[in-house]
Amino acid sequence: MTDPHSAERAIDAAPATDAASALLFRLVELGVRHVVVSPGSRSQALALVAAEFEHRGAVRLHVRLDERVAGFTALGIGRETGMPAVVVCTSGTAVANLLPAALEAHHAGVPLLLLTADRPPELRGVGANQTTRQPGMFAPTVRFEADLPVPEAVDADGTHEQSVMLRAVAESAVAAALGEGTWSPGPVHLNLPYREPLAGVLPSWLGVPAAELRTAADPDPDGPPVDAEPEEEASGALYQGGGGIGESDVPTEPEDAPYVLERGPRTIVLAGADAGTDAEELAHVGGWPLIAEIVSGARFGRQLVHGYRALLRDPELGGRIERAIVLGHPTLSREAARLLSDPDIEVIAVRGPGEPLNLNGTSIAVDRIAVATGDPDRAWLGEWMLASRAAAVDLTPPAPDADGLSSAEPAERLGAIAAELQVIRAPLDRTALVDAVWRATWPHDRLVFGSSRLVRVADEVLPGKKVPVHSNRGLAGIDGTIATATGIALASQAGSGAGVTRVLLGDLAVLHDVGALLLPPHEDEPRIQLIVGNDGGGTIFDGLEVAGVAGAEAMDRVLYTPHTVRLEQLALAYGWEYRRVTTRSALDQALTSPVGGRQLIEVPLER
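In every chain, residue numbers begin from 1 and rise along the written sequence. The predicted origin of the model limits local features to residues at a pLDDT of at least 70 and limits the giving and counting of side-chain atom pairs to 80 or more, whereas totals for whole chains, interfaces and linings rest on all residues. By convention in this description, side-chain values take in all heavy atoms of the structure and omit both hydrogens and water.

> So what's going on with the overall build of the protein? Which residues, and what values?
The helix and strand tally for the protein stands at 20 helices and 20 strands. Each radius of gyration is computed over the set of C-alpha atoms, and the globule rule expresses the reference value as 2.2 Å times the number of residues to the power 0.38. Expected size for 607 residues packed as a compact globule is a radius of gyration near 25 Å; at 28 Å, the protein falls within 12% of this value. Within the span of the protein, comprising 607 residues, buried residues form 49% of the whole. Throughout, a residue-residue contact means that at least one pair of heavy atoms, one from each residue, lies within 4.5 Å. Sequence separation of 24 or more characterises 76% of the internal contacts of the protein that already satisfy a separation of 6 or more. Each accessible area value is a Shrake-Rupley result obtained with a 1.4 Å probe; residue values ignore everything except the protein chains displayed when judging cover. Total accessible area on the protein stands at roughly 27,100 Å², and carbon and sulfur atoms take up 53% of it. For the purpose of charge, His is not counted, nor are the chain termini; Lys and Arg are scored as positive and Asp and Glu as negative. Here the site of a charge means NZ on Lys, CZ on Arg, CG on Asp, or CD on Glu. Averaging the positions of the 49 positive and the 81 negative side-chain charges in the protein gives two centres separated by 8 Å. The helix and strand labels rest on DSSP assignments: H or I over at least four residues marks a helix, E over at least two residues marks a strand, and numbering proceeds from the N terminus. We call a residue buried when its accessible area falls under 20% of the maximum for its residue type, exposed when it is over 50%, and partly exposed in between, using a 1.4 Å probe and counting protein chains only.

See below:
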């Protein structure tokens, strides 16, 4: 007898919803906790299942109108958690807008799962609305990709072969995104074609672990043989691919034994973006100078070198380097790039997220390293530390003249008061700005650097401090900075996470990602401060060779690109609290006051 409830559901059910349920729930079972949705018709089944999981408390759902913003929000979540966030979008140009985030995820080694809805295969290449060839769109960047068959079956109990296949694909996708085998973490693309009806009622088995679902009884081994029913041909090929990113991007089989760093060569440890604390530990164990970019997460410790750019140019220090051990992705200085491009330097690059480093064509990529026993070269380290102390910049604000302020002599007292007022009223410059943000940030906070002039200033002058730092230095673009930082804030503050996410960026980076300022009113606001150094355009070009070649008019027109945007009105339109600060004391107060939501702090700067 047919179950009347099953018959009733069959009328309202949709293969698209059942397929989305099987795929998304298996991703949740595998540890995915964040889903970023950009609304669209073709992807509605995925979005509605994600909304149901949010209602059940299984995931945190983030809705973003702009797919580019959605992609970078998920990138930020992956950066902070080490687990891929899912991005859901509809077909057509929506998919192409995910490419910038996918490229950054590939080059920076950040896990990311792209679920792109699509028209069925018969509508591709025939002029159908909102349809393009989505399979392979991310081929040079992804760790795994699949163009899945169109779901055809309504799954009554969750055991249909369609659901089984989708669970298996989910397992492959998460494993690839996390860096299965010899691959580093990175993006994964699942293209999901659907036919109408594009959504139906949710299946009763949604959320039931696969192991608990009812399975069909095995055939009686003593009975007559049962002919297998011919399978219907699936509509759409299960195309699997990925990793088509060139031999230089593919590490060899991991080594069993660590690479032993012998004593002898004059060595430095160079920490680039995302190097982490391992770089500082290696420098400490080896007794070597540590050159750590501000975005490395390794700018701390006794062997940290201050003012490293000038010291790398010094023939008595940088000119005598024989070996460089590199962790992370160095990108902020030409001096470091020049060193790593020198074929006479032995470069040992520790494999990590992203592409292997080999600028000089002779670099050795290793999985693990160990330091040989023996005495460190104390003379070599001592030379660097002595030069480092001399190069260190003391950014401590001058202390008040206590004696003068308390003097009984009116002239002396008035002079001390005038000097104190001059300090308080002094306009901010870039050095004071980056110093204030650095001092206000602590280990429970997050600091995100945009790819602007400010990150280079910070790299030149800031001292050591162990704080969590993020920056999109995989491709070092200015796009997606606010969205990435929002994802980092959401992930780090999930549950009862403490701290504030501070974002130090330029005005053009804000304007480039202005859509990321929009947050749905019903979603929790992260504690985030955008500290915008506004110099009215792209002053980073003033320090490049082009400034000596281009005329002033052409320089402004196509490179500096001045603007007159009023950031206050922009912030208020998107629901952000706004502050404009022009002095160090006002900035310190803004940065250290309690933060309850989203703040945009504008700091006007001279060109």
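> Please provide a residue-by-residue account of the sheet that holds strand E9 (residues 267-271), values included.
Any two strands between which DSSP finds at least two bridges are classified as paired. The five strands lie next to each other as E10-E9-E11-E12-E13, forming an open sheet whose pairing is parallel. The sheet terminates laterally at strand E10 (290-292) and strand E13 (364-366), the two strands that pair on one side only. The sheet shows a mean angle of 20 degrees between the axes of neighbouring strands, taken without regard to direction. Pairing of E9 with strand E11 (residues 323-327), which is carried by five bridges, proceeds in the parallel orientation. The partner of Thr 267 across the bridge, within E11, is Arg 323. Axes, fitted as lines to C-alpha atoms, cover a helix only where it is in contact. Angles between the N-to-C directions of the axes lie from 0 to 180 degrees.

> I'd like to hear about the pattern of salt bridges, residue by residue, with values.
Pairing is possible between side chains that carry opposite charge, provided their charged atoms lie close to one another. A side-chain nitrogen of Lys or Arg and a carboxyl oxygen of Asp or Glu constitute a salt bridge if their distance falls within 4 Å. Tallying each qualifying case throughout the model produces 27 salt bridges. With a shortest N-O distance of 3.0 Å, Arg 607 and Asp 542 are connected by a salt bridge. In this pair, Arg 607 sits in the segment after strand E20 (598-604) while Asp 542 sits in the loop between strand E18 (528-534) and helix H18 (552-560), placing the two residues 65 residues apart along the sequence. In this structure, Arg 607 engages Asp 556 in a salt bridge whose closest nitrogen and oxygen atoms are separated by 3.0 Å. With Arg 607 in the segment after E20 and Asp 556 in helix H18, the pair connects residues that are 51 residues apart, well separated along the chain. We classify Arg 607 as partly exposed; its relative accessible area is 39%. Under the relative-accessibility criterion, Asp 556 is labelled partly exposed at 29%.

> Give a detailed account of the packing of aromatic side chains, specifying residues and quantitative values.
Ring geometry is summarised as follows: Phe, Tyr and Trp rings, the Trp one being its six-membered ring, pair when their centres sit within 6.5 Å, and such pairs are stacked at plane angles under 30 degrees, edge-to-face over 60 and tilted between the two. Scanning the entire structure with this criterion turns up two aromatic pairs. On the basis of an interplanar angle of 25 degrees and a centroid distance of 5.8 Å, the ring pair of Phe 25 and Phe 53 is categorised as stacked. Taken together, the residues span a long stretch of sequence, with Phe 25 in helix H2 (residues 15-29) and Phe 53 in helix H3 (residues 44-55) at a distance of 28 residues. Overall, Phe 25 belongs to the buried group, its relative accessible area being 13%. Distance and angle both matter: a charge sits over a ring if NZ of Lys or CZ of Arg is within 6 Å of the ring centre and within 35 degrees of the ring normal. One cation-aromatic arrangement involves Arg 266 over Trp 380; the distance from NZ or CZ to the ring centre is 6.0 Å. The ring of Tyr 560 carries the charged tip of Arg 607 above its face, separated from the ring centre by 3.6 Å.

> Give me the pairing of strand E15 (residues 446-449): which residues, what numbers.
Side-chain alternation along E15 places Arg 446 and Val 448 on one buried face and Leu 447 and Phe 449 on a second face that is also buried. Examined bridge by bridge, E15 and strand E17 (residues 501-506) share four bridges and lie parallel to one another. By the bridge assignment for E17, Val 448 is matched with Val 503. Both E15 and strand E16 (residues 469-471) contribute to a ladder of three bridges, which runs parallel.

> Quick one: what's the story with the packing of helix H4 (residues 67-81) against helix H6 (residues 99-108), residue by residue and with numbers?
Two elements in contact, H4 and H6, have axes whose closest approach is 8 Å; the angle formed by their N-to-C orientations is 25 degrees. By the angle between their axes, H4 is roughly parallel relative to H6. Residue-level inspection shows Arg 68, Gly 71, Phe 72, Leu 75 and Arg 79 of H4 in contact with H6, the latter providing Pro 100, Ala 101, Glu 104, Ala 105 and Ala 108. A per-class count over the contact of H4 with H6 returns six nonpolar, one polar and three charged. Small angles under 35 degrees read as roughly parallel and large ones over 145 as roughly antiparallel, with 65 to 115 read as roughly perpendicular and the rest as oblique. Three classes are used, and their members are as follows: Ala, Val, Leu, Ile, Met, Phe, Trp, Tyr, Cys and Pro are nonpolar, Asp, Glu, Lys and Arg are charged, and the others, Gly among them, are polar.

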